[in-house]
Amino acid sequence: MAQGHKFQDLEETGEVLVALINSSEPVKLQQVKAEHQALFYKHLETKKIVTQILKDTAQIEESAGKRLLDMEEQKKHRQKELENLEEQLQQCTAKSLITDSEIQFLQNELESLRKTEGKLETLQKEVDEDTTEIIPSAL
């Protein structure tokens, strides 16, 4: 559709040029030529500007794409680190539970040994009493 419109514009421009050439007015032809050249130069300048804008846009898109890829890579790396830390946390938690159990066991053993020590001290006192008082008095 746009090409049809361009073709129609070109056709109309051609008809206007043919009509001007047929009128044989050199002043008008010079004026049209000057206007046409000005329009052509304006078109070239606009084309340069649009081309530069497109190049700049492409560079910006490329830069943004690279940054996005870098950020995705960092995200993957951080995700991997997070997974490793979570695994270490689980291992440490398991070790902590085992250590807590061992500490509880050792505390129970210590309490048992203290009770046994108390009984042994009581027995030792009884033996000492027997050997220092009862046996000599019986003799």
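Counting restarts for each chain, with residues numbered from 1 along the sequence as it is written. Side-chain atom pairs in this predicted model are given and counted only at pLDDT of 80 or more, local residue features only at pLDDT of at least 70, and totals for whole chains, interfaces and linings cover all residues. Side-chain calculation: all heavy atoms of the structure are included, whereas hydrogens and water are not.

## Re the overall build of the protein chain
Definition in use: Put simply, DSSP H or I for four residues or longer makes a helix, DSSP E for two residues or longer makes a strand, and each gets a number counted from the N terminus. Only protein chains enter the area calculation, which uses a 1.4 Å probe; residues under 20% of their type maximum are buried, those over 50% are exposed, and those in between are partly exposed.
Tallying secondary structure elements over the protein chain gives two helices and zero strands in all. A buried classification covers 1% of the 139 residues belonging to the protein chain.

## Details of a nonpolar patch on the surface
Here is the rule we go by: Only residues whose relative accessible area exceeds 30% and that form no salt bridge enter a patch; like-charged residues are grouped when within 9 Å of one another, and nonpolar side chains (Val, Leu, Ile, Met, Phe, Trp, Tyr) when within 5 Å. In these tables, accessible area is a Shrake-Rupley quantity obtained with a 1.4 Å probe, and a residue counts as shielded only by the protein chains included in the view. For this analysis, a salt bridge means a side-chain nitrogen from Lys or Arg found within 4 Å of a carboxyl oxygen belonging to Asp or Glu.
The grouping of Phe40, Tyr41 and Leu44 at the surface amounts to a nonpolar patch, some 310 Å² of accessible area in total. Assignment of secondary structure puts Tyr41 in helix H2 (residues 26–138).

## Looking at the pattern of salt bridges
Evaluated as defined, the whole model comprises one salt bridge. Between Glu62 and Lys66 there is a salt bridge; the shortest N-O distance is 3.4 Å. Placement of the pair is Glu62 and Lys66 together in helix H2, with a separation of four residues, close to one helical turn. Residue classification places Lys66 among the partly exposed residues on the basis of a relative accessible area of 49%.

## Points about a negative patch on the surface
Using the following cut-off: His is not counted, nor are the chain ends, whereas Lys and Arg count as positive and Asp and Glu as negative. Here the site of a charge means atom NZ of a Lys, CZ of an Arg, CG of an Asp or CD of a Glu.
There is a patch of like negative charges on the surface, built from Asp9, Glu11, Glu12 and Glu15. Along the chain, the position of Glu15 falls in helix H1 (residues 2–23).

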